[in-house]
There are 2 protein chains.
Amino acid sequence: MIKTLDELAVKVADSGRKYRIAVAWGQDPNTLGALDRAVKAGFAEPFLIGNRNRIEEESDNLGIDIGSCTVIEEKDEAGSAVKAVEMVRDGSADILMKGALGTDKFLKAVLDKSAGLMKPGAVMSYVCAVQLPEYHKLLFVTDTAVLPFPDLDQKVAMANYAIEMAHRFGIVRPKVALISATEKVSGRFPNTVDYATMCKMAEKGQIKDCIMDGPVDIFLACDPASAPLKGVDTPLRGDADILLFPTLESCNPFYKGLMLFGKGELAGMLTGTTHPVVLMSRSESENSKFYCIALSCLMAGGD
Amino acid sequence: MIKTLDELAVKVADSGRKYRIAVAWGQDPNTLGALDRAVKAGFAEPFLIGNRNRIEEESDNLGIDIGSCTVIEEKDEAGSAVKAVEMVRDGSADILMKGALGTDKFLKAVLDKSAGLMKPGAVMSYVCAVQLPEYHKLLFVTDTAVLPFPDLDQKVAMANYAIEMAHRFGIVRPKVALISATEKVSGRFPNTVDYATMCKMAEKGQIKDCIMDGPVDIFLACDPASAPLKGVDTPLRGDADILLFPTLESCNPFYKGLMLFGKGELAGMLTGTTHPVVLMSRSESENSKFYCIALSCLMAGGD
């Protein structure tokens, strides 16, 4: 079981495999710096798609040796995304990564019906593995970035993505906490009604290989002292692996609060795609950017 | 300016005043323990309304001397709330406090149209002053506990309550961050439309004595490095005093995450009432319970 983000990076490096990463518009200091660490850790082989002069200039400025990178000249920002997606589709790369281009242009190429990277009929979402000094293991948090107001089907998809990721970290039956302000199911909080439905689906085996409960608050999910104090019976026992949030407005401030005030680090990844996609915020720390690449490699690896 | 919760307690103690606190069903270890600290700090004079035998038994068990408390015999749980509210209404007490009775029964007495404690036409809400080792001052967070999906008028009320509280802490023009997942106003996130309206109201002086901006994410609100990195211009400058959240589902996990993983402490209070009301969760730490009482005393004090 992988319990920290450094263990994640070590596990990926130990696989001995070099993952080929097609990087759209990979010519900014942020992207080049994060990739350089992954190259030095021995698990990344980047294909930098963009303006060759710019790429060489930026890497010179940073003192980064791009000798182990393949540079592919592409003058157009949106074109670099199309090219990178194409490389993943035709098997010339294992992982897609966004560089300095706009998220909209990047996602347009990923979402393209005929030439994109989405699994047929799949929901696009986002899962973060969050590391906190004050928690005894990693917390998988969803959706930090993509779905504004997920409906029932989208929540089920979010849960399944997070469960799949937890399995890859060696957690056989992750504990999934469906987060709300309260532990009561109530029509006043429509998301709690979705949660009740999801718990029944898990009980019937429609959502597999997890222990699911909700609605619960953060204390019931992550603090073993809370359930006895509140007189609530929950199989989560304050030991949740996965926190599923009802809305983006709820999840986004939660994880950002912990990054800023809880000394958190994270590894995040887009989900619903045929291959791992690295899509990081510039606000993430240097460490988190490196961990995002390592996570994509873990998810790209066979078992 | 009060910058920590200990400074808050010192300020209240230094006023030299003893605040009379009417405690409904004040006969559980939690309530008695928190009150005992406030009595010892010199600013509280509790009126314990409940079962006299039980009160004496519990305080004996805890080794607490209730010599400076007045015990008022009342056999009925709901009746203790009615009696406590009555004492505040008729001027025999300055502050109302919930003891071991259910929140529903307690709030019924507070909300009673003719015999309750609400200001006419006021919105009931909740503000917490949150102390975090990783932030350089207190953060006023609302609404952690009461309003599920506040509409525009309720959001304005929430802002005004938090601004009023910040003023009491000596912050002349608090910076109010209207929290979302993004800094863009968009019909896809209806709360951001309310936020845009509120900013205009603040500009026109309809919301007074503050610097307001939103929507913003947590980084723009509280991290000075974020605005330059994102190329966003905001008068908050990563130095927010007040965080206003769009829903209870958003605010509640945020503050609980910081209590659990950010070594947070808090002082919280019900708002919209004619007199301060202490309504704490059993999950709060011993320190936070004491700070809640101190906060109510600060808010009860003249200027």
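Residues numbered from 1 in each chain as written. Chains lettered and ligands numbered in written order. Predicted model: local features only at pLDDT ≥ 70, side-chain atom pairs only at ≥ 80, totals over all residues.

### Thoughts on the overall build of chain A
Here is step 1: Regarding its fold elements, chain A presents 11 helices and 11 strands.
Here is step 2: The C-alpha radius of gyration of chain A comes to 20 Å, within 12% of the 19 Å expected for a compact globule of 303 residues.
Here is step 3: Overall, the C-alpha framework of chain A stretches about 65 × 40 × 30 Å when taken along its three principal axes.
Here is step 4: A buried classification covers 56% of the 303 residues belonging to chain A.
Here is step 5: Contacts spanning at least 24 positions in sequence make up 68% of the contacts within chain A whose residues lie at least 6 apart. (Helix = DSSP H or I, 4+ residues; strand = E, 2+ residues; numbered from the N terminus. Rg over C-alpha atoms; globule rule 2.2 N^0.38 Å. Buried ≥ 20, exposed ≤ 12 C-beta atoms within 10 Å, placed from the backbone. Contact = placed C-beta atoms within 7 Å.)

### Considering the nonpolar core
Here is step 1: Judged by nonpolar contacts, the single largest core of 224 residues is most densely connected at A22, A162 and A294 of chain A together with A22, A162 and A294 of chain B.
Here is step 2: Ignoring anything within four residues of it in the chain, the contact list for A162 of chain B reads V127, F140, T142, I242 and L244 of chain B. (Core = buried A, V, L, I, M, F, W, Y, C linked by C-beta atoms within 7 Å.)

### Focus: the relation of the copies chain B and chain A
Here is step 1: Each copy superposes on the other: chain B lies on chain A with an RMSD of 0.0 Å after a rotation of 180° and an axial shift of 0.0 Å. Given the turn and translation reported, the copies of this chain are related as if by a two-fold rotation axis.
Here is step 2: The overlap is high: 100% of the interface residues of chain B also sit at the interface in chain A, so the same surface is used on both sides. (Least-squares fit on C-alpha atoms with pLDDT ≥ 70 in both.)

### Digging into the packing of helix α2 (residues 29-40) of chain A against helix α3 (residues 52-62) of chain A
Think of two packed helices as two axes; the pair is described by the angle between the axes and how far apart they sit.
All names here are of chain A.
Here is step 1: As a packed pair, α2 and α3 sit with axes 10 Å apart at the nearest point and diverge in direction by 65°. With respect to their mutual orientation, α2 and α3 come out roughly perpendicular. Remark: the crossing between α2 and α3 carries right-handed chirality. Across from P29, L32 and G33 in α2, the residues of α3 making contact are E58, S59 and L62.
Here is step 2: A class-by-class count of the residues in the contact of α2 with α3 yields three nonpolar, two polar and one charged. (Axes fitted to C-alpha atoms, helices over the stretch in contact; angles between N-to-C directions. Parallel < 35°, antiparallel > 145°, perpendicular 65-115°, else oblique. Left-handed = near helix turned anticlockwise from the far one by under 90°. Nonpolar A, V, L, I, M, F, W, Y, C, P; charged D, E, K, R; others polar.)

### A look at the interface of chain B and chain A
Here is step 1: With 33 residues of chain B at the contact, the number on the chain A side is 34 residues.
Here is step 2: Every element with two or more residues in the side of chain B that touches chain A is listed here: α8 (218-222), α9 (226-230) and α10 (248-261) of chain B.
Here is step 3: When residues of the side of chain B that touches chain A are assigned to their parent elements, the largest contribution, 11 residues, is made by α10 of chain B.
Here is step 4: By residue class, the composition of the side of chain B that touches chain A is 17 nonpolar, nine polar and seven charged.

### Some details on the domain arrangement of chain A
All names here are of chain A.
Here is step 1: Partitioning chain A into domains gives domain 1 (5-118 + 273-300) and domain 2 (125-261).
Here is step 2: Taking only C-alpha atoms into account, the centre of domain 1 sits 29 Å from that of domain 2.
Here is step 3: Taken together, the contacts link four residues of domain 1 with four residues of domain 2.
Here is step 4: For the side of domain 1 that touches domain 2, the leading source of residues is helix α11 (residues 286-300), giving three residues. (Domains from an automatic or database assignment.)

### Quick word on α10 of chain B
Here is step 1: In this model, α10 of chain B (14 residues) spans 19 Å end to end at C-alpha, consistent with the 20 Å of a helix rising 1.5 Å per residue.
Here is step 2: A positive phi of about 55° marks K263 of chain B, the residue just after α10 of chain B. (Expected span 1.5 Å × (residues − 1).)

### Some words on the pairing of strand β10 (residues 265-271) of chain A
All names here are of chain A.
Here is step 1: Of all seven residues in β10, seven are buried, a share of seventy percent or more.
Here is step 2: Of the two faces of β10, the one lined by E265, A267, M269 and T271 and the one lined by L266, G268 and L270 are each fully buried.
Here is step 3: In terms of strand pairing, strand β5 (residues 125-131) meets β10 through seven bridges, oriented antiparallel. Across the sheet, A129 pairs through a bridge with A267, a residue of β10. (Pairing = 2+ DSSP bridges.)

### Considerations on the environment of C69 of chain A
Here is step 1: Looking at where C69 of chain A falls in the secondary structure, it is placed in the loop between α3 and β3 (70-73).
Here is step 2: With near-sequence residues (within four places) excluded, C69 of chain A lies in contact with P46 and L48 of chain A.

### Description of the pairing of strand β5 (residues 125-131) of chain B
Residue and element names in this part refer to chain B.
Here is step 1: With seven of seven residues buried, β5 lies mostly within the body of the structure.
Here is step 2: Covered by surrounding structure in β5 are S125, V127, A129 and Q131 together with Y126, C128 and V130, the residues of both alternating faces.
Here is step 3: In the sheet, β5 pairs with strand β6 (residues 139-142) via four bridges, with the strands oriented antiparallel. Residue V127 lies in a different strand from β6, and its bridge partner there is T142.

### Some points on helix α1 (residues 5-14) of chain B
Residue and element names in this part refer to chain B.
Here is step 1: Those residues of α1 that sit buried are L5, L8, A9 and V12. End-on view of α1: buried residues confined to an arc of 95°, all on one side of the axis.
Here is step 2: Along its buried surface, α1 packs onto β5, β10 (265-271) and α11 (286-300).
Here is step 3: G16 sits one or two residues past α1 and shows a positive phi near 75°. (Arc of directions from axis to C-beta.)

### Considerations on unusual backbone geometry
Residue and element names in this part refer to chain A.
Here is step 1: A cis amide bond links T142 to the next residue, D143, at an omega of -5°.
Here is step 2: With respect to the helices and strands, D143 occurs in the loop between β6 (139-142) and α6 (152-168).
Here is step 3: Residue R237 is not a glycine yet carries a positive backbone phi of 50°.
Here is step 4: Residue classification places R237 among the partly exposed positions, given that 17 C-beta atoms sit within 10 Å.
Here is step 5: A positive phi is found at K263, a non-glycine position, where the angle reads about 50°.

### Some thoughts on the packing of helix α1 (residues 5-14) of chain A against α11 of chain A
Residues and elements named next belong to chain A.
Here is step 1: The geometry of α1 relative to α11 is characterised by a closest axis approach of 9 Å and an angle of 50° between their N-to-C directions. As the angle between them shows, α1 and α11 are arranged oblique. At the point where α1 passes α11, the crossing takes the left-handed sense. Across from L5, L8, A9, K11 and V12 in α1, the residues of α11 making contact are Y291, A294, L295, C297 and L298.
Here is step 2: Broken down by class, the residue content of the contact of α1 with α11 amounts to nine nonpolar, no polar and one charged.

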